[in-house]
Amino acid sequence: MTARPMPETRSEAADPSWWGAILVGAIFIFAGIFVLGDVVAATVISAFLIGILLAVAGVAEVFQAFSAQHWRGFAFRILVGLLYVVCGLMLIADPARASIIITFVFAVSLIASGFVRIFQAFQYWEWFGSLLLISGIVGIVAGLVILAQWPVSGLWVLGLLVGIDLLLHGVWWISLGGRLRRERNSVPA
């Protein structure tokens, strides 16, 4: 298969939709503001939805184990599937308590990954290691802040992170739309 260069002509239909990207960004920003309006509810809803996804994934894993043509790893796949189902049902049954546990695991993970990033920063110093160092320090501090307020932080951390993520993703989409519009307007027809 050979690659052929794309023709240089541009048409309105072939251009990426800059206004569509801006619209998507605005929707993400609106959703982020909505989520940040009640981070506790967003946290509980997030834990509930994660529970549903885990339970569905667990059922799929068990089904796949029985439908595979070979039996190698059958017991392990059944065990993993059942673990997913049990964890999913625990999240569904009590999402508030489960979000507290998820937040604890998240905080510990932030601290551990922060130390790893600090270690790697010195290994890769010539490749923006200073940014990796800062990232590691921020990760450790964030994890310690979450743990210092735990278990109460378990009721707001996930919602806050989802809201911030939605806002940042919305800003990215709007930035992309602006760039696409500038590029479209700068190319002669």
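It should be emphasised that the depicted structure is a prediction, and the values quoted were computed from it without experimental measurement.

Calculation rules
Residues numbered from 1 in each chain as written. Predicted model: local features only at pLDDT ≥ 70, side-chain atom pairs only at ≥ 80, totals over all residues. Heavy atoms only, no water. Helix = DSSP H or I, 4+ residues; strand = E, 2+ residues; numbered from the N terminus. Buried < 20%, exposed > 50% of the residue type's maximum accessible area, 1.4 Å probe, protein only. Contact = heavy atoms within 4.5 Å. Areas by Shrake-Rupley, 256 points an atom, 1.4 Å probe, with all protein chains shown as cover. Phe/Tyr/Trp six-rings, centres within 6.5 Å; stacked < 30°, edge-to-face > 60°. Lys NZ or Arg CZ within 6 Å of the ring centre and 35° of its normal. Lys, Arg positive; Asp, Glu negative; His and termini not counted. Salt bridge = Lys/Arg side-chain N within 4 Å of Asp/Glu carboxyl O. 1 Å grid on protein atoms, 1.4 Å probe; cavity = no way out; pocket = protein on both sides within 12 Å on 5 of 7 lines; lining within 4 Å. Points joined across faces, edges and corners; volume = space filled by probe spheres on them. Nonpolar A, V, L, I, M, F, W, Y, C, P; charged D, E, K, R; others polar. Expected span 1.5 Å × (residues − 1). Arc of directions from axis to C-beta.

**Focus: the overall build of the protein**
Reasoning step 1: For the protein, the helix and strand inventory stands at six helices and zero strands.
Reasoning step 2: Listing each helix as α and each strand as β along the protein from the N terminus yields α-α-α-α-α-α.
Reasoning step 3: Within the protein, buried positions represent 29% of all 189 residues.
Reasoning step 4: Of all intrachain contacts in the protein linking residues separated by at least 6 positions in sequence, the fraction that spans at least 24 positions is 76%.
Reasoning step 5: Total accessible area computed for the protein in this model is approximately 13100 Å², and 75% of it derives from carbon and sulfur atoms.

**A few points about the packing of aromatic side chains**
Reasoning step 1: In the structure shown here, the tally under the stated rule is four aromatic pairs.
Reasoning step 2: A ring pair is formed by Phe66 and Phe74, whose centres lie 5.1 Å apart and whose planes are at 75°; its orientation type is edge-to-face.
Reasoning step 3: On the basis of an interplanar angle of 50° and a centroid distance of 5.0 Å, the ring pair of Phe104 and Trp150 is categorised as tilted. You can see Phe104 sitting in helix 4 (residues 95-123) and its partner Trp150 sitting in the loop between helix 5 (129-148) and helix 6 (157-186), a full 46 residues away along the chain.
Reasoning step 4: Since its relative accessible area comes to 37%, Phe104 is described here as partly exposed.
Reasoning step 5: Over the aromatic face of Trp18 sits the side chain of Arg181, whose NZ or CZ is 4.7 Å from the ring centroid.

**Focus on the side chain of Arg77**
Reasoning step 1: Tracing the backbone shows Arg77 in helix 3 (residues 74-93).
Reasoning step 2: No salt bridge forms around the buried Arg77; measuring N to O, its nearest opposite-charge neighbour Glu61 is 4.8 Å away.
Reasoning step 3: The contacts of Arg77, once residues within four sequence positions are left out, are Glu61, Gln64, Ala65, Ala68, His70 and Arg72.

**Examining the layout of surface pockets**
Any empty space left between the atoms is revealed when a probe the size of a water molecule rolls over them.
Reasoning step 1: Approximately 160 Å³ is the volume found for the largest pocket.
Reasoning step 2: Counting residues per element, the ones that place at least two in the lining of the largest pocket are helix 3 and helix 4.
Reasoning step 3: Per element, the largest residue contribution to the lining of the largest pocket is four residues, and it comes from helix 4.
Reasoning step 4: Considering only residue class, the lining of the largest pocket consists of six nonpolar, no polar and two charged.

**Details of helix 1 (residues 18-37)**
For an α-helix, 3.6 residues make a turn, and residues three or four places apart therefore share a direction.
Reasoning step 1: With 20 residues, helix 1 extends 29 Å from end C-alpha to end C-alpha; this agrees with the ideal 28 Å at 1.5 Å per step.
Reasoning step 2: Gly20, Ala21, Gly25, Gly32 and Val35 are the residues of helix 1 that are buried. Angular distribution of buried residues about the axis of helix 1 spans 135°; they occupy a single face of the element. Among the exposed residues of helix 1, those oriented more than 90 degrees off its buried face are Trp19, Ile27, Phe30, Ile33, Phe34 and Gly37.

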